[in-house]
Amino acid sequence: MVLPCSYQSLRIFRNPHVHMVVANQLRYVSGVRYRRTRLETPDGDFLDLDFSCQGFRRIAVIVHGLEGHSHRPYVLGMVRALQRAGWDACAVNLRGCSGEPNRKPWFYHSGMTEDLETVLRHLVRLSRYESVALVGFGLGGNLVLKYLGERGLDLYPCVQAAVTFAVPCDLAGAARKISEPQNRLYLKRFLKMLRQKIEAKARLFPDRLNTDGYEAIRTLEDLDNRYTAPLHGFQHAQDYYARASCNPFSERIAVPTLLINALDDPFLSPSCFAYREAFRNPHLILETPDHGSHVGFVDVPHRGALWSERRAVAFLQDPLIP
């Protein structure tokens, strides 16, 4: 289902680059307190989960984007908005993103849905919550949509809805897009952040990783060919993109799911806008505002909540009504 979007950008934010910087670098979100829980994974690694709980009977699991973590403004803003609406929150730090290197040679990647399954299994075993919602941003949105599509009707009954933003539904297209000249500063920043993690990991596993010749890496595909694919069992970057992208799985999503991708998102290729999948699946609701940039959606906030946070709360409160 494809629906019109109510988001109206302020004129100053019609430039997507200004919009993204303000939303993700200049915004300050207060009032969120976390309690960290370390969750052991079946393969002997760990995930650090940051809980913000007030004893509600429903919880939202929030998954960050590429090189994000639970303290990014977009995560904190969503946690705060959901808590005000009567939700507990669990902000997932993907492997290696909690401030401490994970134990294995590999990291996280866009299709690593087994970790989301581990988190949900943990919440089900706690027996505290009547309902669970999933919220994903960027890479985390791809994880959420892929997971829901993989599980289809075989989903924990408590998982009742999902909301995702700025999702690279076609990873190959998104990798090409972020490697275009106008995005070179963002790409350079991502590659620098990832190099720091790879260097730390190489000291722990010198037989599996090294950074010799890292300067020759110019694109995300270069990086994924050298590190992501071989570390995670893929033949090469294109094999990783094909198998990890959520688009092929989205038609099997069986719970109400909202996908919001802004048309001016600098990181999304045309193939990332899941029109065909949304037309074929009534459970998948696609909104494509003209503006919003990448995890932006800044407007005149209400009690500090941006449009994206208000939209997510409204959808999760009553996901059967578009």
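Coordinates for the structure precede this section.
Residues numbered from 1 in each chain as written. Predicted model: local features only at pLDDT ≥ 70, side-chain atom pairs only at ≥ 80, totals over all residues. Heavy atoms only, no water.

Trainee: What should I look at first to understand the pattern of salt bridges in this one?
Mentor: Side chains carrying opposite charge are able to pair once their charged atoms draw close together. Applying the stated criterion across every chain, the model contains 23 salt bridges. Between Asp-48 and Arg-38 there is a salt bridge, with its nearest N and O atoms 2.8 Å apart. Taken together, the residues Asp-48 in strand β3 (residues 46-52) and Arg-38 in strand β2 (residues 35-40) connect sequence positions 10 residues apart. On the accessibility criterion, Arg-38 (37% relative accessible area) is partly exposed. A salt bridge links Glu-287 to Arg-311, with the nearest nitrogen and oxygen atoms 2.7 Å apart. Note that Glu-287 is positioned in strand β9 (residues 284-287) and Arg-311 in helix α10 (residues 307-317), a separation of 24 residues in sequence. Taken as a pair, Glu-287 and Arg-311 share a single burial class, namely buried. Salt bridges linked by common partners bring Arg-36, Arg-38, Asp-48, Asp-50 and Glu-100 together as one network. (Salt bridge = Lys/Arg side-chain N within 4 Å of Asp/Glu carboxyl O. Helix = DSSP H or I, 4+ residues; strand = E, 2+ residues; numbered from the N terminus. Buried < 20%, exposed > 50% of the residue type's maximum accessible area, 1.4 Å probe, protein only.)

Trainee: Can you walk me through the pairing of β3 in this structure?
Mentor: For a regular strand, side chains alternate in direction, first toward one face of the sheet and then toward the other. Of all the seven residues making up β3, seven are buried; the element is thus mostly covered by neighbouring parts of the structure. Covered by surrounding structure in β3 are Phe-46, Asp-48, Asp-50 and Ser-52 together with Leu-47, Leu-49 and Phe-51, the residues of both alternating faces. Pairing geometry for β2 and β3, over six bridges, is antiparallel. Directly across from Thr-37, in β3, lies its bridge partner Leu-49. Connecting the antiparallel pair β2 and β3 is a turn made up of five residues, with Gly-44 showing a positive phi of about 85 degrees. (Pairing = 2+ DSSP bridges.)

Trainee: Help me out: how do you make sense of the sheet that holds β9 in this one?
Mentor: With mixed pairing, the nine strands of this open sheet are ordered in space as β1-β9-β8-β7-β6-β4-β5-β3-β2. On the outer flanks of this sheet lie β1 (2-3) and β2, each paired with one strand and no other. Pairing of strand β7 (residues 159-165) with strand β8 (residues 257-260), which is carried by four bridges, proceeds in the parallel orientation. Residue pairing across strands places Val-163 opposite Leu-258, the latter belonging to β8. Where α10 meets the sheet, it contacts β4 (58-63), β6 (131-137), β7, β8 and β9, and its direction lies at approximately 160 degrees from that of β7. (Contact = heavy atoms within 4.5 Å. Axes fitted to C-alpha atoms, helices over the stretch in contact; angles between N-to-C directions.)

Trainee: Help me understand the packing of helix α7 (residues 220-231) against helix α8 (residues 237-244) in this model?
Mentor: Helix-helix packing: each pair is described by the crossing angle between the helix axes and the interaxial distance. Where α7 meets α8, the closest approach of the two axes is 8 Å, and the angle between their N-to-C directions is 85 degrees. Judged by the angle between their axes, α7 and α8 are roughly perpendicular. Touching Leu-220, Glu-221, Asp-224, Asn-225, Thr-228 and Ala-229 of α7 are Ala-237, Gln-238, Tyr-240 and Tyr-241, all from α8. (Parallel < 35°, antiparallel > 145°, perpendicular 65-115°, else oblique.)

Structural measurements only, silent on function.
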